[in-house]
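# Geometric and topological summary
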Amino acid sequence: AHPCIDVLKSVNVTTANMGDWIQFNVTVVNCGDVELSIGVEDFLLGIDEFVTVPAGQKVEFLRDYQVPMGTFKPGAPCDIVNEVEINATYGDWFDTDFADVCVDIENPCLQLFKTISSTGPYRAGDVITYNITLVNCGDVDMAGVLNDALLGNVSVDVSIDAGETITWIVEYTVKASDLSPLCN
């Protein structure tokens with residue numbers, strides 16, 4: 001008799017967002033030539049049982065898992081580590097095996113700041129200088145259009161990398177038709 005066990009683990013995605021459903025696959029393999037009762041533990045997926053696996057056969061567990069809402073550290077290489085452990089005994093023989101997979105949770109985050117760098121009070125014809133700063137405080141690159149109701153399109157095509165800060169200096173000439181106070 002030659003008992004042997006192996007475990008494989010996979011996940012259907014490598015990145016996800018909070019609230020997403022992902023699917024883990026645990027494959028328990030009896031790579032020996034005798035039937036074995038194999039203990040399987042995966043705490044994240046709620047697996048804690050023994051399975052009987054005939055020689056040369058395998059048993060699969062497919063489990064759906066919803067990524068919890070919460071705080072994941074931006075830039076962390078692996079936010080969810082899912083590990084499975086198996087073990088089996090046959091006479092005096094005992095063995096364990098482990099497998100794990102990693103899922104990175106994307107953390108999109110943008111912060112927008114607008115300040116005035118010129119001094120007022122302002123009248124029709126005066127120029128107001130705005131500093132508009134966009135900060136990507138998340139761990140994913142983002143793209144889109146930045147609009148301002150008074151200033152119009154500040155940048156038609158904004159692409160900002162994770163951790164990057166972009167600042168625009170935009171001038172606005174006060175019109176006689178502008179309401180007082182001018183809100184922006």
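In what follows, the structure referred to is the one given above.
The structure reproduced in this document is the subject of the present report.

Basis of the calculations
- Residues numbered from 1 in each chain as written.
- Predicted model: local features only at pLDDT ≥ 70, side-chain atom pairs only at ≥ 80, totals over all residues.
- Heavy atoms only, no water.
- Helix = DSSP H or I, 4+ residues; strand = E, 2+ residues; numbered from the N terminus.
- Pairing = 2+ DSSP bridges.
- Axes fitted to C-alpha atoms, helices over the stretch in contact; angles between N-to-C directions.
- Core = buried A, V, L, I, M, F, W, Y, C linked by side-chain atoms within 4.5 Å.
- Buried < 20%, exposed > 50% of the residue type's maximum accessible area, 1.4 Å probe, protein only.
- Contact = heavy atoms within 4.5 Å.
- 1 Å grid on protein atoms, 1.4 Å probe; cavity = no way out; pocket = protein on both sides within 12 Å on 5 of 7 lines; lining within 4 Å.
- Points joined across faces, edges and corners; volume = space filled by probe spheres on them.
- Nonpolar A, V, L, I, M, F, W, Y, C, P; charged D, E, K, R; others polar.
- Phe/Tyr/Trp six-rings, centres within 6.5 Å; stacked < 30°, edge-to-face > 60°.
- Lys NZ or Arg CZ within 6 Å of the ring centre and 35° of its normal.

## A look at unusual backbone geometry
In this chain, G120 is followed by P121 through a cis amide linkage whose omega measures 10 degrees. Along the polypeptide, P121 turns up in the loop between strand 9 (110-116) and strand 10 (127-136).

## With respect to the sheet that holds strand 10
The 3 strands lie next to each other as 9-10-13, forming an open sheet whose pairing is antiparallel. Here the strands that pair on one side only, and so sit at the sheet edges, are strand 9 and strand 13 (165-173). For this sheet the average axis-to-axis angle between neighbouring strands, irrespective of direction, equals 20 degrees. Of the strand pairs in this sheet, strand 10 and strand 13 are connected by 9 bridges, and their pairing is antiparallel. Among the inter-strand pairings, L134 is bridged to a residue of strand 13, identified as I166.

## Considering the nonpolar core
Membership of the largest hydrophobic core comes to 27 residues, with the highest contact counts inside it found for I38 and V40. For this core, the secondary structure elements donating two or more residues are strand 1 (5-11), strand 3 (21-30), strand 4 (36-42), strand 5 (47-53), strand 6 (58-66), strand 7 (80-90) and strand 8 (93-105). Not counting residues within four places of it along the chain, the set of residues in contact with I38 comprises I5, V28, V29, E49, F50, V51, V53, I86, N87 and A88. Ranked by size, the runner-up nonpolar core spans 13 residues in total, among them L146, V158, I166 and V174.

## Side note on the sheet that holds strand 1
Judged by pairing direction, the sheet is antiparallel, and its 3 strands sit side by side in the order 1-3-6 without closing on themselves. The open sheet has two edge strands, strand 1 and strand 6, and neither has a second partner. Recorded for the sheet is a direction-independent mean angle of 15 degrees between the axes of neighbouring strands. Here strand 1 runs beside strand 3; their pairing, made up of 7 bridges, is antiparallel. Residue pairing in the sheet places L8 in a bridge with T27 of strand 3.

## Things to note about the environment of V170
If you trace the backbone, V170 turns up in strand 13. Its relative accessible area of 17% is what places V170 among the buried residues. Separated by 19 residues in the primary sequence, V170 and L151 have C-alpha atoms spaced 7.8 Å apart.

## Notes on the layout of surface pockets
By volume, the largest pocket is sized at about 220 Å³. Class assignment of the residues belonging to the lining of the largest pocket gives a composition of 10 nonpolar, 2 polar and 3 charged.

## A few points about the packing of aromatic side chains
Taken as a whole, this structure holds 1 aromatic pair when the rule is applied. Between F24 and Y65, the aromatic rings sit 6.0 Å apart at their centres with planes inclined by 65 degrees, giving edge-to-face as the arrangement. Here Y65 lies in strand 6 and F24 lies in strand 3, a separation of 41 residues in the sequence. Both residues of the pair, F24 and Y65, count as buried. Over the ring of Y130 we find K114, and its NZ or CZ is 5.6 Å from the ring centre.

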